[in-house]
Amino acid sequence: MNERQFLIILNKARKDSLLEPLMIDKDLSRAARYHSYDMGTQNYFGHDTYDRNIITDSLEFVCDEHARTKNFLKYESENKVWKVSAGVSENCNFGAASGKEAFISWLNSPPHCKNMFNPDHRLVGIGYVHIPVSKKPHCWTTDFSR
């Protein structure tokens, strides 16, 4: 519900700005949900992906957002892999409990707002995860591409 609410709000705002609406992409959505889940369960926040070392409890770098998104496109056509991996922009948020809160948060941040209103973007993957026991219980990731 929250992901859908966010998309409706974003596409209305894009339409009001005379921009094309974004279409949900299933692979980008899987990548975004994965990242939101990972941030919530591993208790970190950022665009890069990390694993928590069970012995030292420190975070260990796994990959950046471009490599992560590309992993979710393994079985797609080369054209789609090229188009998406060449131009992924990502927004992350923790704390927003609704699509409207996430939208307002990103709207008030110039680099995140730029991602949402980039006229070159045609696709979006939205990932919202709620993990009540996490230090970051509401995690959002949006991956935008052409």
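Residues numbered from 1 in each chain as written. Predicted model: local features only at pLDDT ≥ 70, side-chain atom pairs only at ≥ 80, totals over all residues. Heavy atoms only, no water.

## With respect to the sheet that holds strand E6 (residues 138-145)
Ordered by their spatial adjacency, four strands build an open sheet running E1-E5-E6-E4, and the pairing between neighbours is mixed. Each having just a single partner strand, strand E1 (23-24) and strand E4 (89-94) make up the two edges of the open sheet. Pairing geometry for strand E5 (residues 123-130) and E6, over eight bridges, is antiparallel. The partner of Gly125 across the bridge, within E6, is Asp143. Strands E1, E5 and E6 of the sheet are contacted by helix H1 (residues 2-16), whose axis makes an angle of about 140° with E5. (Pairing = 2+ DSSP bridges. Helix = DSSP H or I, 4+ residues; strand = E, 2+ residues; numbered from the N terminus. Contact = heavy atoms within 4.5 Å. Axes fitted to C-alpha atoms, helices over the stretch in contact; angles between N-to-C directions.)

## Comments concerning the pairing of strand E3 (residues 59-63)
Bridge count between strand E2 (residues 49-52) and E3: four bridges; the pairing is antiparallel. Bridge assignment links Asp51 to a residue of E3, and that residue is Glu60. The turn joining E2 and E3, which pair antiparallel and follow one another in sequence, is formed by six residues; a positive phi near 65° is taken by Asp57.

## Regarding the pattern of salt bridges
Overall, the coordinates contain six salt bridges when judged by the stated rule. One salt bridge in this structure joins Lys26 and Asp27, with 3.5 Å as the shortest N-O distance. A relative accessible area of 56% places Lys26 in the exposed class. A residue is classified by how much of its surface remains accessible, and Asp27, at 3% relative accessible area, is buried. Of the charged contacts in the structure, one is a salt bridge between Arg52 and Asp57, with a shortest N-O distance of 3.8 Å. Here the residues in one salt-bridge network are Lys26, Asp27 and Arg30, joined through shared partners. (Salt bridge = Lys/Arg side-chain N within 4 Å of Asp/Glu carboxyl O. Buried < 20%, exposed > 50% of the residue type's maximum accessible area, 1.4 Å probe, protein only.)

## Notes on the packing of aromatic side chains
Counted by the stated rule, this structure contains seven aromatic pairs. Summarising the aromatic geometry, the rings of Tyr128 and Trp140 are spaced 4.7 Å apart at their centres and angled 40° between planes, so their arrangement reads as tilted. Of the two residues, Tyr128 sits in strand E5 while Trp140 sits in strand E6, which places them twelve residues apart along the sequence. Here Tyr128 falls in the buried class, since its relative accessible area comes to 16%. By way of ring pairs, the aromatic residues Phe6, Phe103, Trp106, Tyr128 and Trp140 are connected into one cluster. The ring of Phe94 has Lys136 lying over it, and the distance from NZ or CZ to the ring centre is 4.3 Å. (Phe/Tyr/Trp six-rings, centres within 6.5 Å; stacked < 30°, edge-to-face > 60°. Lys NZ or Arg CZ within 6 Å of the ring centre and 35° of its normal.)

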